[in-house]
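Geometric and topological summary
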Amino acid sequence: FITVPIALMWLLLGLFFDFENTEVLVTIWGPIYFFICQFAAIGFRSVLPIAVGMGSTRKQCLRSFYIIGIAGVAVSLFLVNVLEYMLFIFSDNGFISINMAHFASFFLEDYQFLSFFLIDLAIGCFLFGIPLLISCIHYQLGFVPMIISLLILSVLITFLYYAGILDPLFGWIVGLEPAAIFGLISGVGLLSICISYPIMLNAPLEKPARRF
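Residues numbered from 1 in each chain as written. Predicted model: local features only at pLDDT ≥ 70, side-chain atom pairs only at ≥ 80, totals over all residues. Heavy atoms only, no water.

1. What to know about the overall build of the protein
Scanning the protein from N- to C-terminus turns up 7 helices and 0 strands. Going from the N terminus to the C terminus, the protein shows its helices and strands as α-α-α-α-α-α-α. Projected onto its principal axes, the C-alpha coordinates of the protein cover approximately 60 × 50 × 25 Å. For the protein, with 212 residues in total, the buried portion stands at 35%. Pairs at least 24 residues apart make up 78% of the contacts formed inside the protein by residues separated by at least 6 positions. Surface summary for the protein: the accessible area is close to 12,700 Å², and the carbon and sulfur share equals 74%. Taken together, the 7 basic and 11 acidic charged side chains of the protein have centroids lying 38 Å from each other. (Helix = DSSP H or I, 4+ residues; strand = E, 2+ residues; numbered from the N terminus. Buried < 20%, exposed > 50% of the residue type's maximum accessible area, 1.4 Å probe, protein only. Contact = heavy atoms within 4.5 Å. Areas by Shrake-Rupley, 256 points an atom, 1.4 Å probe, with all protein chains shown as cover. Lys, Arg positive; Asp, Glu negative; His and termini not counted. Charge placed at Lys NZ, Arg CZ, Asp CG, Glu CD.)

What follows is the structure, given as structure tokens:
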């Protein structure tokens, strides 16, 4: 409902205006990235009480949410990449005049549908897993304990960084090939999804009143 009109808008603008020689960069993946984060953060929490109230178990609800969520991310990003492919083709053939921008453009000189889609999929897994994990921790601990925990973690990471302890890790990541970097990003997202499973397996249907 958002991405398709944006793609059509740039298609029409590219027909009548010349953006190729300007600094205007065309992107259409922003709304879907936001939707993935939003769905991961609030999707399961809103469905859990309803699903259990209708006779489902937490395991069934969790597994269904993960399957539907990951499949939804993959299908949504595939459709976005189809739209991007059309815009790239129209732009390369001179049918429209726009400058397409994508994360994969930093690593690949020429447009490749499969490579661009896989990079989007890796980022999508990360954007689905991290907000889901944070949402689950917030659901179990409450807002204030979660913020305190994140603050302690941030202080610890900052100390390790300035102490030089994390330098070998950062050096190893920087030295990775692009495919390995995005594989690592997707791995972090999938690991976050796996960690969220035991956290929410015995979660209460409603947050206690003492929690913020």
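2. Comments concerning a nonpolar patch on the surface
A surface patch of nonpolar side chains, amounting to about 780 Å² of accessible area, comprises Phe-143, Val-144, Ile-147, Ile-148, Leu-150, Ile-152, Leu-153, Leu-156 and Ile-157. Tracing the sequence through the fold places Ile-147 in helix 5 (residues 143-162). Judged by relative accessible area, Ile-147 falls into the partly exposed class, the value being 38%. (Patch = residues over 30% accessible without salt bridge, like charges linked within 9 Å, V, L, I, M, F, W, Y side chains within 5 Å. Salt bridge = Lys/Arg side-chain N within 4 Å of Asp/Glu carboxyl O.)

3. So, helix 7 (residues 178-201)
Taking 1.5 Å per residue as the helical rise, helix 7 with its 24 residues ought to reach 34 Å, and the 35 Å between its terminal C-alpha atoms agrees with that figure. For helix 7, the secondary structure elements touched by its buried residues are helix 2 (30-53), helix 3 (58-92) and helix 4 (113-141). (Expected span 1.5 Å × (residues − 1).)

4. Observations regarding the nonpolar core
Counting residues in hydrophobic clusters, the biggest one holds 45 residues, and the most contacted among them are Leu-48, Leu-87, Ile-98, Phe-128, Leu-132 and Met-200. Those elements giving two or more residues to this core turn out to be helix 1 (3-16), helix 2, helix 3, helix 4 and helix 7. In this view, Leu-132 contacts Ala-40, Phe-65, Tyr-66, Ile-193 and Ser-196; residues no more than four positions away in its chain are not counted. (Core = buried A, V, L, I, M, F, W, Y, C linked by side-chain atoms within 4.5 Å.)

5. Some details on helix 3
The terminal C-alpha atoms of helix 3, which comprises 35 residues, lie 50 Å apart, in line with the 51 Å expected from a rise of 1.5 Å per residue. Once helix 3 ends, the next one or two residues include Gly-94, with phi positive near 80°.

6. Section: a negative patch on the surface
Residues Asp-18, Glu-20, Asp-92, Glu-109 and Asp-110 make up a contiguous surface patch of negative charge. For Asp-110, the position within the fold is in the loop between helix 3 and helix 4. Assessed through its relative accessible area of 56%, Asp-110 is described here as exposed.

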